Amino acid sequence: MSLTTESYLIGLIGDGVTPSLTPSLHEREGAEHGLLYLYRPIDIAALGLAPESVGELVRAARNLGFNGLNITHPCKQLVIEHLDEVDPDAGRLGAVNTVVIGADGRTVGHNTDMSGFLAAFRAGLPDAALGRVVQLGAGGAGSAVAYALLTAGVGHLVIVDVDRSRAEGRAAELAGLFPAASVEARTTAELASLLEAADGVVHCTPVGMAAHPGTPFDTSLLTPRHWVADIVYRPIETQLVRDARAAGCRVLDGGRMAVGQAVDAFRIFTGLEPDAERMRAHFLELIAAEQRAEAETAGATTAGAR
């Protein structure tokens, strides 16, 4: 019989999470450590459940002997009221994506979106100039990234969003949390002048995903003195990443954050130190396999239509 102290049972709660690569990342790293580690998606869309059911799912996981849960859209904010304790950074962000369930049933929430991006940023863009940074996107992921950037020491952060009021609200919240820094909201119409004065740019919108191809701004504005970070990882080589490299910029691809949050969550769940580079290599294998499968499907569809 396997007890909770001898094995790990982890779940991922969210909408549309069945295709997630996170379970494979965790299970492979668990195997590398000689652990019995099982990670399963809990897709509320497939189960016909509302986002507000997240509290019931957390309680069910606790009662069924789960060791922890990852939480994703649209439940990161909703889950907080159902937890016994929340890490200070996650509390200030108002979002939890990792829940540890103790042997006594006590639930503690963390945010590894923030810590994962921070670790990835420090490792992937060491010594990056932090004087003035422009961030595109003020949504949930953008909030975690902006918090991480300010934690890293960014002196002046400009948040740009198509929803000006959302950008202003996020900037005001962050300015209150980081009084030593300057945080402001600006419009997309001002991007040209903002990028001209910036050291780096961080992209946190859906543009560049397979369903939303293209770039979030005119990449001819990039110069070799800029560094560029993208959080989109499907595909890993977004148009922004390719254009930034071609412009001579130092680049952080979106896979770095995806792996970073998984690395931190694994550490929190197990108390063991994961191998971040090994998890990165596995992540790239999964992405490559996914791309090959998509190409084969597209080829078969084209052939069938002839």
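What counts, and at which threshold
Position numbers for residues count from 1 along each chain, tracking the sequence in the order it is written. Per-residue local features of the predicted model are confined to residues with pLDDT of at least 70, and side-chain atom pairs are confined, for both listing and counting, to 80 or more; whole-chain, interface and lining totals are unaffected and use all residues. In computing side-chain values, all of the structure's heavy atoms are included and hydrogens and water are not. When DSSP finds at least two bridges between two strands, those strands are taken to pair. Numbering of helices and strands runs from the N terminus, with a helix taken as a DSSP run of H or I at least four residues long and a strand as a DSSP run of E at least two residues long. Only the stretch in contact is used when a helix axis is fitted, and all axes are lines through C-alpha atoms; the angle between N-to-C directions ranges over 0 to 180 degrees. Note on ring pairs: Phe, Tyr and Trp rings are taken, using the six-membered ring of Trp, and paired if centres are within 6.5 Å. Classes follow the plane angle, with under 30 degrees stacked, over 60 edge-to-face and the rest tilted. Classification of residues uses two cut-offs on accessible area relative to the type maximum, computed with a 1.4 Å probe and protein chains only: under 20% is buried, over 50% is exposed, and between them is partly exposed. Among buried residues, the Ala, Val, Leu, Ile, Met, Phe, Trp, Tyr and Cys ones that are joined through side-chain atoms within 4.5 Å form a nonpolar core. Note on contacts: a residue pair qualifies if any of its non-hydrogen atoms lie within 4.5 Å across the two residues. Here roughly perpendicular refers to angles of 65 to 115 degrees, roughly parallel to angles under 35, roughly antiparallel to angles over 145, and oblique to all remaining angles. Each helix crossing is assigned a hand: it is left-handed if the near helix lies turned anticlockwise from the far helix by less than a right angle, otherwise right-handed if that turn is clockwise. Under the scheme applied here, ten amino acids are nonpolar (Ala, Val, Leu, Ile, Met, Phe, Trp, Tyr, Cys and Pro), four are charged (Asp, Glu, Lys and Arg), and all others, including Gly, are polar. What the arc covers is the set of directions going from the helix axis to the C-beta atoms.

Caption draft 1: Broad picture of the sheet that holds strand β11 (residues 227-230). Reading across the sheet, the 6 strands line up as β9-β8-β7-β10-β11-β12 and stay open at both edges, with parallel pairing between neighbours. Each edge of the open sheet carries a strand with a single partner, namely β9 (182-186) and β12 (250-252). Neighbour-to-neighbour, the strand axes of the sheet open up by a mean angle of 15°, direction not taken into account. Pairing of β11 with β12, which is carried by 3 bridges, proceeds in the parallel orientation.

Caption draft 2: Inspection of the packing of aromatic side chains at higher detail. Tallied over the entire structure, the rule returns 6 aromatic pairs. Judged by centre distance (5.7 Å) and plane angle (25°), the rings of Tyr8 and Tyr37 are stacked. Taken together, the residues Tyr8 in strand β1 (residues 8-14) and Tyr37 in strand β2 (residues 37-43) connect sequence positions 29 residues apart. For Tyr8, a relative accessible area of 16% translates into the label buried. Exposure remark for Tyr37: the relative accessible area of 6% places this residue in the buried category. Put simply, the rings of Tyr8, Tyr37 and Phe266 pair up and form one aromatic cluster.

Caption draft 3: View of the nonpolar core. One finds Phe117, Leu149, Ile159, Val202 and Trp227 to be the most contacted residues of the largest nonpolar core, which totals 34 residues. Secondary structure elements with two or more residues in this core: α5 (112-124), α6 (140-152), β8 (156-160), α7 (164-177), β9 and β11. By residue number, the principal contributor to this core is α6, which donates 8 residues. Those residues in contact with Val202, other than ones at most four positions away along the chain, are Phe117, Val133, Val134, Gln135, Leu136, Val145, Leu149, Trp227 and Ala229.

Caption draft 4: Quick look at the packing of α5 against α6. One can describe the packing of α5 onto α6 by two numbers: an axis separation of 8 Å at closest approach and a directional angle of 50°. Considered as vectors, α5 and α6 are oriented oblique to each other. Remark: the crossing between α5 and α6 carries right-handed chirality. Here Asp113, Met114, Phe117, Leu118, Phe121 and Arg122 of α5 lie close against α6, whose contacting residues are Ala144, Val145, Tyr147, Ala148, Leu149, Thr151 and Ala152. A class-by-class count of the residues in the contact of α5 with α6 yields 10 nonpolar, 1 polar and 2 charged.

Caption draft 5: Quick peek at helix α1 (residues 22-32). For α1, the set of buried residues is Thr22, Pro23, Leu25, His26, Glu29 and Gly30. The arc enclosing the buried residues of α1, seen along the axis, measures out at 165°, which places them on a common side.

Caption draft 6: Region of interest: the pairing of strand β10 (residues 200-203). On β10, burial covers both faces: Gly200 and Val202 on one face and Val201 and His203 on the other are all buried. Of the strand pairs in this sheet, strand β7 (residues 132-136) and β10 are connected by 4 bridges, and their pairing is parallel. Bridge pairing in β10 places Leu136 opposite His203. Two elements, β10 and β11, share 4 bridges in a ladder whose sense is parallel. If you follow Val201 over to β11, its bridge partner there is Val228.

So yeah, pure geometry; function would need other evidence.
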